[in-house]
Amino acid sequence: MSGRLPETVHWDRLTEGGEILRGAMALRGMARLAGCLLDDEGDVDVELELGVDAQKVRYLRGHLRTTLNLVCQRCLQPLPYPLDIDICLGLLVSEDQMERLPEVYDPYVLDHRKAELRTIVEDELMLALPLIPTHDAAHCAIDAAYVATEVEAQPKDSGTRQPFAGLGALMKGKPG
Ligand SMILES: [Zn+2]
């Protein structure tokens, strides 16, 4: 995907026809995000529409897609983390406007009636980060041995999950 993305979103320049923003934005240089990453390789595929809707709400909506290189907090190994974020922002120039913003929009308050597009994208990526990134149990180096014994202990083809199925066996095994 290629294209030109504007650097800045200006409140006063948005139009009712809307404007399609499509392109790749490098993760490199997103300083706040970089603090959460193993490395800042790669791009974000940006596919957004910027405009003014029938209710005069200035909006930025569409998709952000990327894969972030995080670190698993259990095994400390690399954790590729694909993201496909739907965004639907109502752009505001002050927090007073939030009350009137239709519910479909998430509020985004512009600083001095404008914002760097990179900053908005970085903010949205930050919001989408997991609180504590970890591999799922089957793929985590730390849990691998534990998971192997668990799988062996389970009946092979139990179709439904029975979270307490093992409990009965444990209780029966208890003396007294
Ligand atoms: Zn892990």
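Residues numbered from 1 in each chain as written. Predicted model: local features only at pLDDT ≥ 70, side-chain atom pairs only at ≥ 80, totals over all residues. Heavy atoms only, no water.

J.: I would appreciate a short explanation of the coordination of the zinc ion in the present structure.
T.: Perfect tetrahedral coordination of a metal by four donors corresponds to 109.5 degrees between them, and perfect octahedral coordination by six donors corresponds to 90 or 180 degrees. Here the zinc ion is held by Cys72 (SG), Cys75 (SG), His135 (ND1) and Cys140 (SG), and the distances to it run 2.1 to 2.3 Å. Of note is the zinc ion, whose four donor atoms meet at the metal with angles of 98 to 128° in an arrangement that counts as tetrahedral. All donors of the zinc ion come from a single chain, and their spacing in sequence reads C-x2-C-x59-H-x4-C. Placement of the pair is cysteine 75 in the loop between strand 4 (58-71) and strand 5 (78-92) and histidine 135 in the loop between helix 2 (117-128) and helix 3 (144-153), with a sequence separation of 60 residues. Take cysteine 75: its relative accessible area is 11%, and that puts it in the buried class. (Donors = N, O, S within 2.8 Å, 3.2 Å for Na, K, Ca; no water. Tetrahedral: all angles 85-135°; square planar, octahedral: opposite > 155°, others 65-115°. Helix = DSSP H or I, 4+ residues; strand = E, 2+ residues; numbered from the N terminus. Buried < 20%, exposed > 50% of the residue type's maximum accessible area, 1.4 Å probe, protein only.)

J.: Mind showing me how you'd approach the pairing of strand 5 here?
T.: The two faces of the sheet receive side chains in turn, since in a regular strand these alternate between them. Where strand 4 and strand 5 come together, 14 bridges link them in antiparallel fashion. What sits directly across from threonine 66, in strand 5, is leucine 83. Hairpin remark: strand 4 followed by strand 5, antiparallel, with six residues in the connecting loop; positive phi at leucine 76, about 60°. Inspection of the sheet shows strand 5 paired to strand 6 (residues 106-109) by four bridges, in the parallel sense. By the bridge assignment, leucine 92 is partnered in strand 6 with valine 109. (Pairing = 2+ DSSP bridges.)

J.: Looking at this model, I keep getting lost on unusual backbone geometry. Mind explaining?
T.: A negative phi holds for most residues other than glycine; trans holds for most peptide bonds. Phi at leucine 76 is positive, roughly 60°, even though this residue is not glycine. Assignment of secondary structure puts leucine 76 in the loop between strand 4 and strand 5.

J.: Would you mind showing me how to read the sheet that holds strand 6 here?
T.: In a beta sheet, neighbouring strands pair by backbone hydrogen bonds and run either parallel or antiparallel. Pairing within the open sheet is mixed, and its five strands lie in the order 2-3-4-5-6. Since the sheet does not close on itself, it has two edges, and those belong to strand 2 (19-26) and strand 6, each with one partner. Neighbour to neighbour, the strand axes of the sheet diverge by 35° on average, direction disregarded. (Axes fitted to C-alpha atoms, helices over the stretch in contact; angles between N-to-C directions.)

J.: Looking at this structure, I do not really get the packing of aromatic side chains. What am I missing?
T.: For any pair of aromatic rings, the description consists of the separation of the ring centres together with the inter-plane angle of the planes. A complete count under the given rule lists zero aromatic pairs for this structure. Arginine 58 extends its terminal NZ or CZ atom over the ring of tryptophan 11, reaching a point 4.2 Å from the ring centre. A cation over a ring is seen here: arginine 61 above tyrosine 59, with NZ or CZ 4.0 Å from the ring centre. (Phe/Tyr/Trp six-rings, centres within 6.5 Å; stacked < 30°, edge-to-face > 60°. Lys NZ or Arg CZ within 6 Å of the ring centre and 35° of its normal.)

J.: Before we go on, may I ask you to explain the nonpolar core in this structure?
T.: Grouped burial of nonpolar side chains is what soluble globular proteins tend to show. If you look at the biggest cluster of nonpolar residues, it comprises 36 residues, and the most contacted ones within it are Leu60, Leu91, Leu117 and Leu125. Looking at this core, the elements with two or more residues in it are strand 2, strand 3 (43-52), strand 4, strand 5 and helix 2. Those residues within four positions of leucine 125 in sequence are excluded, and the remaining contacts are Leu27, Met30, Leu33, Val44, Thr66, Leu83 and Ile85. Counting five residues, the second largest nonpolar core, distinct from the first, contains Val57, Tyr59, Leu92 and Tyr105. (Core = buried A, V, L, I, M, F, W, Y, C linked by side-chain atoms within 4.5 Å. Contact = heavy atoms within 4.5 Å.)

J.: Honestly, the pattern of salt bridges in this entry has me stumped. Any pointers?
T.: For side chains bearing opposite charge, pairing can occur when the charged atoms are close. In this structure the tally under the stated criterion is nine salt bridges. Its salt-bridge partner being glutamate 47, residue arginine 65 comes within 3.6 Å of it at the nearest N-O pair. Taken together, the residues arginine 65 in strand 4 and glutamate 47 in strand 3 connect sequence positions 18 residues apart. On the basis of relative accessible area, arginine 65 is assigned to the partly exposed category, the value being 30%. Among the ionic pairs, aspartate 84 bridges to arginine 65, the shortest N-O distance being 3.1 Å. Here the residue aspartate 84 occupies a position in strand 5, and arginine 65 occupies one in strand 4, the gap between them amounting to 19 residues. (Salt bridge = Lys/Arg side-chain N within 4 Å of Asp/Glu carboxyl O.)

In short, the description is geometric, and any link to function would need to be established separately.
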